[in-house]
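Chain by chain, the residues:
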Amino acid sequence: MSTKSPVVLPGATLGVLGSGQLGRMFTIAARRLGYRVHIFSPDTDTPAGQVGDLEFTAPYEDLDKVREFARGVDVVTFEFENVPSATSRACAEIVPVRPDGSVLHITQQRLREKSFLQSNGFPVTPFRRIQTLVDLEEAVRDLGLPAVLKTASFGYDGKGQRMLREIHQVPSAFAGLAGAEGIYEAFVDFEKEVSVVAARSASGAFEAFPVFENVHSNHILDITFAPADIGEKLAAEAVQLARGILDALQVVGLLTVELFVTRDGRLLVNELAPRTHNSGHLTLDACTTCQFEQQVRAVCGLPLGSTALTRPAAMANLLGDVWTPGTPDWASSLSDPSVKLHLYGKAEARPGRKMGHLNATAATAAEAVRQVRDARSRLASVPRSRPERTEGRSNRS
Ligand code: AMP
């Protein structure tokens, strides 16, 4: 275990495992605060590597390289949860890893995550572990249909996920797991989806951003706005729930809690992410401290910043689909001066790939949503048809 000081002051070097857009925006925030940032991932010319001081390129399994990386930094954090546990353990032999590898271990596997939540009294939809076809048949009998069958590991944005509506779908859904362990979740007939991005410091200080309301399309986040339209009481409940979860996990850093709001006004935890989150991108332009600066502060042991929302705000994701007919019409999109463009430096625009987002602030959240939607639609300089997508539930909130 490291003997280095828990407070990492500006001028020091931060290490990031993972190199996507969350790492990029973390790096920009860290550099603004005067830190150096080293990035570790198997790829080159990455969104985070492009803006970092040093891009380490090696497989996560190359623990010699991982240790070399860790020796060059003062604290390690991560920007996605599928980093192997052995990688974070190898770093932790040399420097503090924040949040701790145990948080990563729980949150990178849906069964572990849901079992942790359930056993600590946090509300989740009923679920069953699926290893065999018989397990699945029993789960269908116990929890009924409709339901969602997900791979226990490596799932995000609806990947590895299948909705079951009819009993005859059971064999093919099981075959779809392709030998991987699964989780069968009772379908939640939710009214809306919200998220709480929150930070906790080593001393236990806690700060949550205002609750975000999220609208998905084909399982991928499409629009976020704040404040969420759920009333003060439920919003306070959501933040309290998040606080309980960060405390139970002893998080030092950031953690996002994705929640369903049921039609009878209850909150159920859908998923945890031990990091910044797509739904928190509006904080870049709408909060006193953005989620990325907050992550820097939390993992460095600095006081947490104010999470106050300075104005109602909205964010619209830009997926690779936007590039389908050619270069998006950026100038037209930005003709509304209150719209802000954030692009992640990804060279290849594939359908469904997160390439950037648009933020806007306005007098009301509804107005901000209208602005980002309009700005996004202006990106299409020529009429287009939407590319084919895989089957999926489209959310109604
Ligand atoms: P996840 O990868 O678990 O975050 O799921 C992606 C999206 O699928 C969620 O944001 C929901 O819109 C939907 N979803 C996931 N699990 C369920 C469930 N048990 N019931 C209803 N919708 C779900």
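Residues numbered from 1 in each chain as written. Predicted model: local features only at pLDDT ≥ 70, side-chain atom pairs only at ≥ 80, totals over all residues. Heavy atoms only, no water.

Some points on the overall build of the protein chain
Definition in use: Only DSSP runs of H or I reaching four residues or more are called helices, and only runs of E reaching two or more are called strands; each is numbered from the N terminus. It is over C-alpha atoms that the radius of gyration is taken, and the globule rule equals 2.2 Å times the number of residues to the power 0.38. With a 1.4 Å probe rolled over the protein chains alone, any residue whose accessible area is under 20% of its type maximum counts as buried; one over 50% counts as exposed, and the rest are partly exposed. Working rule for contacts: check all heavy atoms of both residues, and any pair within 4.5 Å makes them a contact. Surface exposure here means Shrake-Rupley accessible area, sampled with a 1.4 Å probe, where a residue is shielded only by the protein chains that are shown. We treat Lys and Arg as the positive residues and Asp and Glu as the negative residues; His and chain ends play no part in the count. Each charge is placed at NZ for Lys, CZ for Arg, CG for Asp and CD for Glu.
Broken down by element type, the protein chain carries 12 helices and 17 strands. In terms of overall dimensions, the protein chain is globule-like: its C-alpha atoms have a radius of gyration of 21 Å, near the 21 Å expected for 397 residues. Referenced to the eigenvectors of the C-alpha coordinate spread, the extents of the protein chain come out at roughly 60 × 50 × 40 Å. The buried share among the 397 residues of the protein chain stands at 54%. Here the contacts in the protein chain between residues at least 6 apart in sequence split such that 64% fall between residues at least 24 apart. For the protein chain, the accessible surface area stands at approximately 16500 Å², while carbon and sulfur atoms represent 51% of it. Each charge class in the protein chain can be summarised by its mean position, and for the 43 positive and 45 negative side chains these summaries are 2 Å apart.

Points about the side chain of His342
Relative to the helices and strands, His342 is located in strand E16 (residues 339-343). Accessibility expressed as a relative area gives 18% for His342, which makes it buried. For His342, the residues in contact, after removing those within four places along its chain, are Leu284, Asp285, Gly356, His357 and Asn359.

Regarding unusual backbone geometry
With an omega dihedral of -5°, the bond running from Leu145 to Pro146 counts as a cis peptide bond. Within the secondary structure layout, Pro146 lies in the loop between helix H6 (133-143) and strand E6 (147-151). Going from Ala226 to Pro227, the amide bond is cis rather than trans, its omega being 0°. Within the element layout of this structure, Pro227 appears in the loop between strand E12 (220-226) and helix H8 (232-249). Here Ala178, not a glycine, exhibits a phi torsion of approximately 50°, which is positive. Secondary-structure assignment places Ala178 in the loop between helix H7 (170-176) and strand E8 (182-186). Given the relative accessible area of 69%, Ala178 is considered exposed. Phi is positive for His219, close to 70°, though the residue is something other than glycine. Looking at the element boundaries, His219 is found in the loop between strand E11 (212-217) and E12.

Structural notes on the environment of Pro171
Here Pro171 is to be found in helix H7. In this structure the C-alpha to C-alpha distance between Pro171 and Gly352, which are 181 residues apart in sequence, comes to 28 Å.

Observations concerning the domain arrangement of the protein chain
One widely used convention gives an interface's size as the accessible area the parts lose upon coming together. Our working definition: Note: domain ranges come from an automatic or database domain assignment.
You can read the domains of the protein chain as domain 1 (13-97), domain 2 (126-186) and domain 3 (190-381). Inter-centroid distance (C-alpha atoms) of domain 1 to domain 2 is 34 Å.

Let's talk about the nonpolar core
Under the convention used in this document: Residues belong to a common nonpolar core when they are buried Ala, Val, Leu, Ile, Met, Phe, Trp, Tyr or Cys residues joined through side-chain atoms within 4.5 Å.
Counting residues in each nonpolar core, the largest one holds 34 residues, and the members touching the most others are Ile245, Leu249, Leu255, Leu259 and Val269. Of all the secondary structure elements, the ones that give two or more residues to this core are helix H4 (101-107), helix H5 (110-119), strand E9 (190-200), strand E10 (206-208), H8, strand E13 (253-262) and strand E14 (267-273). Counting the residues that make up this core, at least three belong to each of domain 2 (126-186) and domain 3 (190-381). Leaving out residues up to four positions away in the same chain, Ile245 has contacts with Leu117, Phe122, Leu255, Val257, Val269 and Leu272.

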